[in-house]
Amino acid sequence: MKFYVCIKQVPDVNAPIQIKEGELIQDTSRMILNAYDASAVEEALVLAEQHGGEVEVVSVGPSKVSETIRKALAMGADKAVHIQTSSDDEYDSATYADILAAYFKDKEYDVISCGKQSQDTDAGLAGSMLAEKLDLPYATNAVGLDIEDQKLVVKRQGDAGQEIIGLPTPCLVTCSNDMNDPRIPSLKGIMQSKKKPLETVELSELGIDESNLSSKTHVTGYQEKPEREAGKKYEGEPEEIAKQVAKLLDEEENVI
Amino acid sequence: MSTLLTHIAISDGKIKRSSLEVLSRCQELANQNGHTSEAVIIDSNASDYMDEVQKYGASKIYLVEDPIFKNHINSPLLKALAKVMEASNPHVFAFASTEGTKDILGALAANQDAAVLSDVSEFDLIDGGISAKRPVMAAKILSSNEAKAEKILVSVRSGSYDLQENPTDAEVETIDFSFDESDLKLTLREIIGSSGDKIDLSEADTIVASGRGAKDEEGQKLVNELADLLNAGVGASRALTEAGIVDPSLQIGQTGKVVSPQLYFAIGISGAIQHVAGMANSKVIVAINKDPDAPIFEIADYGLVGDLYKILPPFIEELKKIKS
């Protein structure tokens, strides 16, 4: 089976973030592979190991994205495609989906996967957008994947419980990071990744004029969230503080 | 004048309160700006829910009824939503941000060539579109956004708006819908662990959540006892779902559910940012942890420092007294 995994480079949400005049100031040296995408890579590698197949990763973005692509190759992906853009500042989910749809239009594959959302924007839209643009059956928020008779069997987390979905191939699936622990690249994997094929594709080769890419949604600024103030800490005899707080919840907060 | 359409989400035979919150907001915006507020119910028994929707104000309610909607399957739902959009021609189509919504929002936007903003915590109308605020970067900060297009989709976090009753005598329009099995792109084989008998975390007024500190049988017993007493939903941090102690559907956090109850108990939860991203909007937070430096205390209104096994029993006793 041929697996394509779409991956995104994101800022590390654990790194300090500053906002200056509505702009987000981030330590760009701490760019990482989106954790949900890492789970999608891991899952594709496991399925390819179990059922045979090839895993190729695809990423859209400026030149610095190549570091993240190397990480996925070091994990074990067979090859990679870097769709180069000059800037990713203004792209919304729909623009990413448009670019990826143009890339996949004439490709052959069984499964396209990606994370269920990216850690920076948490939008969770690009996966199902891409599926719709490619007219593929899809499932989102997968917490388990398997292959049966050339079909993808997806366990997904829904509102009413976990749903088991049968997806005929070709199809698209978005992955939660609850499903696995992505492997950490070994030294050997890192060495090998440098020799693996990494194809770069210009947007113009996909028939896209970058200057014409315009998003329908825009971020107009960033603000600190109104901080929750730390309340009071109660230390001392367990029995005493338990009674004290229970009383306060009833009398002061009126929530019991 | 334009139309604001609200999707009424049904799960386990009940209307999701969060979609009535969204309807309340749309009705308010329509009233303020001279627009029309409409609603749509897509379900195997859509008409059963009409009376309740009427209470929250919509000048028109669309019904799409078909047995295929008994469970969530994205391909027929997308087809139904496209038909409703054709009938209503909304400028803004608003959804509660449920798992079902997350599954279809991007595809519907692509299908309708609509602008879309997901998981917003507030939204307003502006000239030509909407403005909205969204928590981003693991909910550490808020981004302000604008969407301008002929058609705009928006999904709203639960708890973002209050319910406002505003009864109307809505016109009801049933949309013809049929689904050819050959259009079914995927098959639903089974649903495991329906949450039918549990309290839905995204809608609960009180949540008792536990983490690594309460992972043994005794800890879980105390957590469940407290939850039963308060008629609360039971949640967990990732540590417990990963250890297989609690069902993954009950995980609260950036992965998992985003909740906004009136009262949240974090029991033996240290407060990693991924967990906090899912619960920081709770009105009152009570944390119990033996580590006085646990990050959870930075956001808790009431932080009890100590051994949960020693604190919870007298706490439960005291609550029993209060409740009686």
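Residue positions within a chain follow its written sequence, with the count starting from 1. Think of it this way: whatever chain is written first is A, whatever ligand is written first is 1, and the rest follow in order. Given that this is a predicted model, residues contribute local features only at a pLDDT of at least 70 and side-chain atom pairs are listed and counted only at 80 or more, while totals for whole chains, interfaces and linings are drawn from all residues. Heavy atoms throughout the structure, all of them, feed into the side-chain values; hydrogens and water do not.

S.K.: So what exactly am I meant to see when it comes to the packing of aromatic side chains here?
M.R.: One pair of aromatic rings is described through two measures. These are the centre distance and the angle between the planes. Side-chain rings of Phe, Tyr and Trp, where Trp is taken by its six-membered ring, are said to pair if the distance between their centres is within 6.5 Å; with planes under 30 degrees apart they count as stacked, over 60 as edge-to-face, and otherwise as tilted. Applying the stated criterion across every chain, the model contains 12 aromatic pairs over all chains. Their ring planes at 75 degrees and their centres at 5.7 Å tell us that Phe-104 of chain A and Tyr-109 of chain A sit as a pair that is edge-to-face. Burial classes: relative accessible area under 20% of the type maximum marks a residue as buried, over 50% as exposed, and values in between as partly exposed (1.4 Å probe, protein chains only). Given a relative accessible area of 13%, Tyr-109 of chain A falls into the buried group. Ring centres of Phe-177 of chain B and Phe-179 of chain B lie 6.0 Å apart, and the angle between their planes is 15 degrees; on these two criteria the pair is classed as stacked. Under the relative-accessibility criterion, Phe-177 of chain B is labelled buried at 12%. Clustering of aromatic rings is evident, with ring pairs tying together Tyr-4, Tyr-103, Phe-104 and Tyr-109 of chain A. A cation over a ring is seen here: Arg-25 of chain B above Phe-123 of chain B, with NZ or CZ 5.8 Å from the ring centre. Two conditions define a charge sitting above a ring: the NZ of Lys or the CZ of Arg must be within 6 Å of the ring centre, and it must be within 35 degrees of the ring normal. The ring centre of Phe-177 of chain B lies 5.6 Å from the NZ or CZ of Lys-79 of chain B, which sits over that ring.

S.K.: Help me understand the interface of chain B and chain A in this model?
M.R.: How big an interface is tends to be stated in terms of accessible area lost as the parts join. It only takes one pair of heavy atoms within 4.5 Å for two residues to be counted as in contact. Each side of the interface is counted separately: chain B has 91 residues, and chain A has 84 residues. Any Lys or Arg side-chain nitrogen located within 4 Å of an Asp or Glu carboxyl oxygen qualifies as a salt bridge. Where chain B meets chain A, there are six salt bridges. Among the salt bridges present, the one from Lys-16 of chain B reaches Asp-159 of chain A, with a minimum N-O distance of 3.8 Å. Nitrogen and oxygen atoms within 3.5 Å of one another constitute a polar contact, given that in protein one can donate a hydrogen and the other can accept it, and given that sequence-neighbouring residues count only through two side-chain atoms. Applying the counting rule to chain B against chain A returns 44 residue pairs in polar contact (both at pLDDT 80 or more). Helical segments are the DSSP runs of H or I of at least four residues, strand segments are the runs of E of at least two, and each set is numbered from the N terminus. With 11 residues, the single largest contributor to the side of chain B that touches chain A is helix α4 (residues 99–112) of chain B. Charged residues are taken to be Asp, Glu, Lys and Arg, nonpolar residues to be Ala, Val, Leu, Ile, Met, Phe, Trp, Tyr, Cys and Pro, and polar residues to be all remaining types, Gly included. Looking at the side of chain B that touches chain A, its residues break down into 43 nonpolar, 25 polar and 23 charged. Across seven bridges, strand β14 (residues 217–224) of chain A lies against strand β10 (residues 141–148) of chain B in antiparallel orientation. Residue Val-219 of chain A lies in a different strand from β10 of chain B, and its bridge partner there is Asn-145 of chain B. A pair of strands counts as paired when DSSP detects no fewer than two bridges linking them.

S.K.: Is there a simple way to think about the sheet that holds strand β12 (residues 171–175) of chain A in this case?
M.R.: What links the strands of a sheet is backbone hydrogen bonding, and the strands pair in either a parallel or an antiparallel sense. Overall, mixed pairing links the 10 strands, which are arranged β13(A)-β7(A)-β6(A)-β1(A)-β8(A)-β12(A)-β9(A)-β10(A)-β11(A)-β13(B) in an open sheet. Edge strands, defined here as strands with exactly one partner in the open sheet, are β13 (198–202) of chain A together with β13 (187–192) of chain B. Along the sheet, successive strands turn relative to each other by an average axial angle of 30 degrees, direction set aside. Here strand β9 (residues 138–148) of chain A runs beside β12 of chain A; their pairing, made up of three bridges, is parallel. Bridge pairing in β12 of chain A places Tyr-138 of chain A opposite Leu-172 of chain A. Fitted lines through C-alpha atoms give the axes, limited to the stretch in contact for helices. The angle between two N-to-C directions lies from 0 to 180 degrees.

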